[in-house]
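What follows is the residue order along each chain.
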Amino acid sequence: AVHHQTLQLEIGGWRKRYNVFLSATCDVPHIDNNPTAIFKKVHTTLSSSGISNNVYLLDENKFYFGPVYATEANKNRTNDVSTKFCFTNTSAVDVEISFEFLEEDNIFGDFPFGFTSKSQQIPPGKSKYLEVYACPQVIGKFEGTLVYSILNNPEPGFIQMTCIGVLCDFELIPKVVKFERVLLYRKECSLLNLINRSYKPLGWRLVGVPLLSEQVSVSQGSYKHCKLPTSMSTSTHNLLKLPPTLSRSRYFNCVLWV
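Structural notes, computed from the coordinates. (Residues numbered from 1 in each chain as written. Predicted model: local features only at pLDDT ≥ 70, side-chain atom pairs only at ≥ 80, totals over all residues. Heavy atoms only, no water.)

A short note on the pattern of salt bridges
Right, on to step 1. This model, assessed by the stated rule, comprises four salt bridges.
Right, on to step 2. Residues Glu10 and Arg17 are paired through a salt bridge, measuring 3.0 Å at the closest nitrogen-oxygen approach.
Right, on to step 3. The partner of Arg77 in a salt bridge is Asp80, with the nearest N and O atoms 2.8 Å apart.
Right, on to step 4. For Arg77, a relative accessible area of 27% corresponds to the partly exposed category.
Right, on to step 5. Each of Arg77, Asp80 and Glu131 takes part in salt bridges that share partners, so that together they form one network. (Salt bridge = Lys/Arg side-chain N within 4 Å of Asp/Glu carboxyl O. Buried < 20%, exposed > 50% of the residue type's maximum accessible area, 1.4 Å probe, protein only.)

What follows is the structure, given as structure tokens:
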């Protein structure tokens, strides 16, 4: 609230009076706690697939990082999943906000969550972002609570978050391609099925295709067995994406020309 008051100043022996105008703004520093103001993606409930990535769910009041590859290299945030929370100062005074995890006393070096800044200064009407990330080192489901405290505001805020540590699970069927006897001037095909059984896309590439015999070729097709515009002999150096099992798998035709 804004308060105004006028005082009169009179000097002894003089008839003239001076008016002194006083104005003060009184407010408790606070931020906009609406989920749509803090998080980029806000959904009402979990998706039909049971997997949500970097989204805040209103029915659970929880932020979902989704599946994250769990490796020891995550100590250096090699395979982490990160996002940015937006904090907007909707008060009339400066906001000094600090962050910590509720489970900080129980951290033994393998706590999967982290953030990049412990405190921020936010002027009135301005916004600042906090980068928060998940990088589990072991498989399993993890939960944490981010606590943000505002100086001169007795009510802290809480953001519950969760992630799932998963491993890379990839299967090639069959693992060995063996052509039997083939008549001259005939063509024999063998189908390879690449299946991603994990919950995240995988990057993959074929190595050594240019070294194959001229009588052997490899062609890439989609799950509908449609050929792609480029052959694998020209695209083996490109890192391609293999969707999760819930989406589809990838097929290849190995062709032997005689």
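Some thoughts on unusual backbone geometry
Right, on to step 1. With an omega dihedral of -10 degrees, the bond running from Ile173 to Pro174 counts as a cis peptide bond.
Right, on to step 2. Tracing the chain through its elements places Pro174 in the loop between strand 13 (170–173) and strand 14 (187–196).
Right, on to step 3. Although it is not a glycine, Asn54 sits at a positive phi angle of roughly 50 degrees.
Right, on to step 4. Along the chain, the position of Asn54 falls in the loop between strand 3 (42–43) and strand 4 (55–57).
Right, on to step 5. If you check the backbone angles, Asn61 has positive phi at about 50 degrees while not being a glycine. (Helix = DSSP H or I, 4+ residues; strand = E, 2+ residues; numbered from the N terminus.)

Points about the sheet that holds strand 6 (residues 81–88)
Right, on to step 1. Read across the open sheet, the three strands follow the order 6-10-8; overall the sheet is antiparallel. Because the sheet does not close on itself, it has two edges, and the strands there are strand 6 and strand 8 (113–115). For this sheet, the mean angle separating the axes of adjacent strands, direction not counted, is 25 degrees. (Pairing = 2+ DSSP bridges. Axes fitted to C-alpha atoms, helices over the stretch in contact; angles between N-to-C directions.)

Structural notes on the sheet that holds strand 3
Backbone hydrogen bonds are what pair the strands of a sheet, in a parallel or an antiparallel way.
Right, on to step 1. A sheet is described by the order of its strands in space; here seven strands give the open sequence 3-4-5-12-11-7-9, paired in mixed fashion. The strands lining the two open edges of the sheet, one partner per strand, are strand 3 and strand 9 (119–122).
Right, on to step 2. The sheet contact formed by strand 11 (residues 140–150) and strand 12 (residues 157–166) spans nine bridges and is antiparallel. Looking at the pairing, Val147 lines up with Phe158 of strand 12.

Considerations on a nonpolar patch on the surface
Right, on to step 1. On the surface, Leu7, Leu9, Ile11, Trp14, Tyr18, Val20 and Leu22 cluster together into a nonpolar patch covering about 660 Å² of accessible area.
Right, on to step 2. Elements represented by at least two residues in the nonpolar patch include exactly strand 1 (2–10) and strand 2 (17–25).
Right, on to step 3. With three residues, strand 2 is the single largest residue contributor to the nonpolar patch.
Right, on to step 4. With respect to the helices, strands and loops of the structure, Ile11 is situated in the loop between strand 1 and strand 2. (Patch = residues over 30% accessible without salt bridge, like charges linked within 9 Å, V, L, I, M, F, W, Y side chains within 5 Å. Areas by Shrake-Rupley, 256 points an atom, 1.4 Å probe, with all protein chains shown as cover.)

Focus: the nonpolar core
Right, on to step 1. Counting 28 residues, the largest nonpolar core has Phe85, Phe87, Leu146 and Met161 as its most contacted members.
Right, on to step 2. Secondary-structure elements contributing two or more residues to this core are strand 5 (62–69), strand 6, strand 7 (95–101), strand 8, strand 10 (127–134), strand 11 and strand 12.
Right, on to step 3. Once you skip the residues sitting within four places of it in the chain, Met161 turns out to touch Lys62, Phe63, Phe65, Phe85, Phe101, Phe113, Val132, Phe142, Glu143, Gly144 and Leu146. (Core = buried A, V, L, I, M, F, W, Y, C linked by side-chain atoms within 4.5 Å. Contact = heavy atoms within 4.5 Å.)

Here we look at the pairing of strand 12
Right, on to step 1. For strand 12, the tally of buried residues reaches seven of ten residues, placing the bulk of the element in the interior.
Right, on to step 2. As paired elements, strand 5 and strand 12 share seven bridges and run parallel to each other. Each bridged residue has a counterpart across the sheet, and for Phe63 the counterpart in strand 12 is Met161.
Right, on to step 3. Hairpin connection of strand 11 to strand 12: six residues between the antiparallel strands, including Asn152 at a positive phi of 70 degrees.

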